[in-house]
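Spelled out, the chains give:
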Amino acid sequence: MLCFRSRRGRITSLKGYQESMRSKNQRRDPWKRRIYSKFCFCYTEPSHVNEMAINAPAVSPGTGNIQETETSIRESGSLNYEEARALLGRYEYQKGNIEAALHVFEGIDVSSVTVKLKIALSRLVHSEPFNDYSSSPLSANAAGLLFEAFYLKAKSLQALGKYREAAQSCSVIMDIVESSLPEGFPRHFAAIKLQETLSKAVELLPELWKFADSPREVVLSFRRALLQKWNLDSKTVAKIEKDFAIFLLYSEPEFVPPNLKSQIESAFVPKNNMEEALLHLTLLLMKMALKQIDWDPSILDHLSYVLSISGGLQALANQVKELPPGVLDEKENDHMLALCYHGAACDYESFDLWKKILRTQPKNIQAVLFVTKICAGSFKYADEGIKYARLAIENSGSDCDELIATAQLMIGMSYSASSRAALTESEREFRQSEAIKCLELAAEKTQMKDAVTLYQLSLEYADQRKLDAALDRTRMLVKLEGGSNIESMILLARILSAQKCYSDAENIINEVLDQVAAWDKAALLRTKAKLQFAQGLHKEAFATYSRLLAIIQVQRRNSGSETVHEDNRNNINNLELAMWHDLSMIYKNCSKWSDAETCISKLSGISTSSALRWHAAGSLHEAKGQFKEAITAYHLALAVDHDHVPSLVSMATALRTEGCRSPAIVQSFLTEALRLDRMNASAWYNLGLLYKDGERGSSVRAAECFQTSAFLQETEPIEPFR
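Residues numbered from 1 in each chain as written. Predicted model: local features only at pLDDT ≥ 70, side-chain atom pairs only at ≥ 80, totals over all residues. Heavy atoms only, no water.

A.B. asks: Can you help me understand the packing of helix α17 (residues 365–376) against helix α19 (residues 401–419) in this one?
C.D. replies: The axes of two packed helices give the description: the angle between them and the distance between them. Viewed as axis vectors pointing N to C, α17 and α19 meet at an angle of 25°, and their least axial separation amounts to 8 Å. Overall, the two elements α17 and α19 adopt an arrangement that is roughly parallel. When the axes of α17 and α19 are compared, the crossing they make is left-handed. Two secondary-structure elements touch here, α17 through Ile365, Leu369, Thr372, Lys373 and Ala376 and α19 through Leu403, Thr406, Ala407, Met410, Met413, Ser414 and Ala417. (Axes fitted to C-alpha atoms, helices over the stretch in contact; angles between N-to-C directions. Helix = DSSP H or I, 4+ residues; strand = E, 2+ residues; numbered from the N terminus. Parallel < 35°, antiparallel > 145°, perpendicular 65-115°, else oblique. Left-handed = near helix turned anticlockwise from the far one by under 90°. Contact = heavy atoms within 4.5 Å.)

Put into structure tokens, the structure is as follows:
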């Protein structure tokens, strides 16, 4: 006979118990009648689930629950007080009575139930066979009912906004399993309900700590979910890993060092949040490649993001290449690889991949514009870039102003690049004119509201020494960006310096210095020091260089860390080389040979194979009248970098001063310098001197060179515009 034990006595039959509860309910207050009526398993009306309980298990309080409860009663002979409360709480929760359910659940004695559950789980798992529970204080169904009670209590607390208490209730389930079953439930454990509730609790705990605004606990709960043996299915583990990676990437919690006791010897240990997120995303990508989990394109998106901001696009390209065939469409695969290579500055590889796409999809606008962009950055492919940009305009159907503006921008940039390699003056002037025309058209199409277009237009005007127009467009750009873009502000300062407004340019730099981080100040401080020297403020300039040196030294100490990217180390070296080169030239001009030699020794300590190091040494030898040593040093500088314009001009100057018998050799160095930099005033001046000392009829050329040199010197910025 089925029986049910209440706190006050024992009723020997289920039917008798139901009749007794009905009569008692008539005498109780409304709330108690509602609670105690749940002991009667006779109603089957459908329950309405409140929105706050929308994530409750999809079990309606009907026949299925009655059978489950009667199964539990048959196994144990009775239903004790905690089990009754667990059952009542579930009914209230499923009906949407969250507060009532919580009130019922809180009547369960957690400490006593925890002890019983630990003993029961240990015996249930280790008994043979698994369904022989005669020696266990709790049956499998009873244990499952109590597990579910803890879980639903957590969900109720979550619905009421009590997230910390909810997390603690959720942790009870995991603590019980972790202490009684360190290896987790066996794979073929018969009590499926226990495993299902455990899986839900493991998945819920990090979310509760997120709502509680406890990022440290979120990280620890995610790690606990992934490192402990919970016997979760692969889909659940993948979801937890993905959620953890997203939290680490976008919530930016404080890094919590992992517990090294849980790490396998020689295993990779993340040093920051980004490395840990990258680890999980890489593992997920590997699982997808092995078809252990379903394909999720967002994993690749997040992986692309983390590798792009950490300078690891080459690594992403390697990951994409290792994907098995069929995971990505061939064209999508090529496009993603091309983006990776382009982001990693491997433009030739990306150029080939996009051209491959265009062979089968000639109207692919994305590929056309990317190819055009690459071509626009190189005078070698500039003409090809113009052709592709015009193709983009044709394919657009002339009904998209944004697309036409982008194409015109690329055409203008391509003309600008090709003008710097023009063989004749007339060709150069034509290409410069076309560049301005296309860039102005692109600016008009965007109503002067596209920052990239305005920047390129300002830069082109400045390069052509049309400083008033350049200043006007740059001020429009700075106003559009609200002074938030460092590159635009620096361009404005350089244009002002070309107009010899050094004080105004310095004020612009000071304004930017107040907005940027410590490392970003380094290049700006170098510009500021140059502006101070141009104003004759030598003491202030040396103080500025001292600040720059302090920043470089701090960065150099940090550059030994494995977390610092190789590109950052190169930037530090290049900036320090430039700084010591500046100082060596200043000391040389002041005839302070000893200080200049000290600067050159600093250059040698950074890099012995640097064009700047040998150029500084050659300049010092030349200033001392040691022309042969100077020529040797310049030769070494050009051996390192044959396109180093200052060394080309200095070599020509030293050879002419030394009395080179072949003016053609001197002229070859100067014309090569002008091919690389048409705006080099010193190269034009020295070419004029060469023509002046040459044969008859060269005086006109000399005058033209001197005139060009004077114009360029009057409009020369403190630093090159590009």
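A.B. asks: Looking at this model, I keep getting lost on the pattern of salt bridges. Mind explaining?
C.D. replies: Opposite charge on two side chains permits them to pair, given that their charged atoms come into close proximity. Taken as a whole, this structure holds 28 salt bridges when the rule is applied. In this structure, Glu241 engages Lys287 in a salt bridge whose closest nitrogen and oxygen atoms are separated by 2.8 Å. Within this pair, whereas Glu241 is found in helix α11 (residues 234–250), its partner Lys287 is found in helix α12 (residues 273–289), the two being separated by 46 residues in sequence. Glu241 sits in the buried class, given a relative accessible area of 4%. Glu460 is paired through a salt bridge with Arg722; the nearest N and O atoms lie 3.3 Å apart. You can see Glu460 sitting in helix α21 (residues 451–463) and its partner Arg722 sitting in the segment after α34 (699–714), a full 262 residues away along the chain. Three or more residues joined by partner-sharing salt bridges are found here, namely Arg90, Glu148 and Lys193. (Salt bridge = Lys/Arg side-chain N within 4 Å of Asp/Glu carboxyl O. Buried < 20%, exposed > 50% of the residue type's maximum accessible area, 1.4 Å probe, protein only.)

A.B. asks: Looking at this model, I keep getting lost on α12. Mind explaining?
C.D. replies: Residues spaced three or four apart along an α-helix point in a common direction, a consequence of the helix completing one turn every 3.6 residues. Its 17 residues place the ends of α12 24 Å apart at the C-alpha level, agreeing with the 24 Å of an ideal helix rising 1.5 Å per residue. Regarding α12, the residues found buried are Asn273, Glu276, Ala277, His280, Leu281, Leu284, Leu285, Lys287 and Met288. Where the residues of α12 are buried, they touch α10 (215–227), α11, α13 (297–309) and α14 (313–321). Backbone nitrogen of Met274 and a side-chain oxygen of the N-cap are separated by 3.2 Å at the start of α12; the cap is Asn272. Residue Lys291 follows α12 closely and has a positive phi angle near 60°. (Expected span 1.5 Å × (residues − 1). Polar contact = N/O pair within 3.5 Å; in protein donor to acceptor, adjacent residues only side chain to side chain.)

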